[in-house]
Amino acid sequence: QVQLVESGGGLVQPGGSLRLSCAASGTIFSINAQGWYRQAPGKQRELVAGITSGDSTNYADSVKGRFTISRDNAKNTVYLQMNSLKPEDTAVYYCRAVVISYSVATPRQYWGQGTQITVSS
């Protein structure tokens, strides 16, 4: 079984910064694509940033130039550095990973439990 555990959420003032982490654990053979999504109240979950096994990245237009996704393969961890935060960034943030485990030979996606980010003065 594979688990994703997120950390780093909280309350921050507009213009501030936060760094989210998502650590994968379990019987992991390899991690393919990873990403961060968010869901604000009354809205659908949306992709914020993604990173492939080849370290190609993509971002939602609303966060380009402010957020940076990165990964540490040795730690099976993906990060999201968020700068210049705005009130409209307020949401629950979820990490997602596509993992091949030793017990399941085909790629399968997993989700973290979600962490609340609130941007408010």
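Please refer to the structure placed before this passage.
Residues numbered from 1 in each chain as written. Predicted model: local features only at pLDDT ≥ 70, side-chain atom pairs only at ≥ 80, totals over all residues. Heavy atoms only, no water.

Student: Help me understand the pattern of salt bridges, please; the structure alone is not making it clear to me.
Tutor: Charged atoms that come close allow side chains of opposite charge to pair. Counted by the stated rule, this structure contains 4 salt bridges. A salt bridge links arginine 38 to glutamate 46, with the shortest nitrogen-to-oxygen separation between them at 2.7 Å. The exposure class assigned to arginine 38 is buried, which follows from its relative accessible area of 6%. A relative accessible area of 36% places glutamate 46 in the partly exposed class. (Salt bridge = Lys/Arg side-chain N within 4 Å of Asp/Glu carboxyl O. Buried < 20%, exposed > 50% of the residue type's maximum accessible area, 1.4 Å probe, protein only.)

Student: Hey, could you run me through the side chain of serine 101 in this one?
Tutor: The residue serine 101 is located in strand β9 (residues 91-101) in this model. A polar contact is formed between the side chain of serine 101 and the side chain of serine 103, at a distance of 3.2 Å. Here valine 104 takes part through its backbone nitrogen, which lies 3.0 Å from a polar atom of the side chain of serine 101. Setting aside residues up to four positions removed in sequence, serine 101 forms contacts with Val2, Thr27, Ile28 and Phe29. (Helix = DSSP H or I, 4+ residues; strand = E, 2+ residues; numbered from the N terminus. Polar contact = N/O pair within 3.5 Å; in protein donor to acceptor, adjacent residues only side chain to side chain. Contact = heavy atoms within 4.5 Å.)

Student: I would appreciate a short explanation of the state of the cysteines in the present structure.
Tutor: The term disulfide refers to a covalent linkage connecting the sulfur atoms of a pair of cysteines. Tallying each qualifying case throughout the model produces 1 disulfide. Disulfide pairing places cysteine 22 opposite cysteine 95 at an S-S distance of 2.0 Å. Here cysteine 22 and cysteine 95 share a disulfide; its torsion about the S-S bond, 45°, makes the bridge right-handed. On the criterion of sequence distance, the pair formed by cysteine 22 in strand β3 (residues 18-26) and cysteine 95 in strand β9 is long-range, its members being 73 residues apart. For cysteine 95, a relative accessible area of 0% corresponds to the buried category. (Disulfide = S-S within 2.5 Å.)

Student: It is not clear to me how the sheet that holds strand β8 (residues 77-82) should be interpreted in this structure. Could you clarify?
Tutor: Pairing between sheet strands relies on hydrogen bonds along the backbone, with the strands arranged either parallel or antiparallel. In spatial order, the strands read β1-β3-β8-β7; together these 4 strands make up an open sheet with antiparallel pairing. One side of each edge strand has no neighbouring strand; the edge strands of this open sheet are β1 (2-7) and β7 (67-72). Between one strand axis and the next, the sheet turns through 15° on average, direction left out of account. Pairing analysis gives 6 bridges linking β7 to β8, with the strands arranged antiparallel. Bridge pairing in β8 links serine 70 to tyrosine 79. (Pairing = 2+ DSSP bridges. Axes fitted to C-alpha atoms, helices over the stretch in contact; angles between N-to-C directions.)

Student: Please explain the environment of serine 84 as it appears in this structure.
Tutor: Structurally, serine 84 is set in the loop between β8 and β9. Sequence-wise, serine 84 and valine 5 are 79 residues apart; in three dimensions their C-alpha atoms are separated by 25 Å. What serine 84 contacts, discounting residues up to four positions off in sequence, is Gly15, Gly16, Ser17, Arg66 and Asp89.

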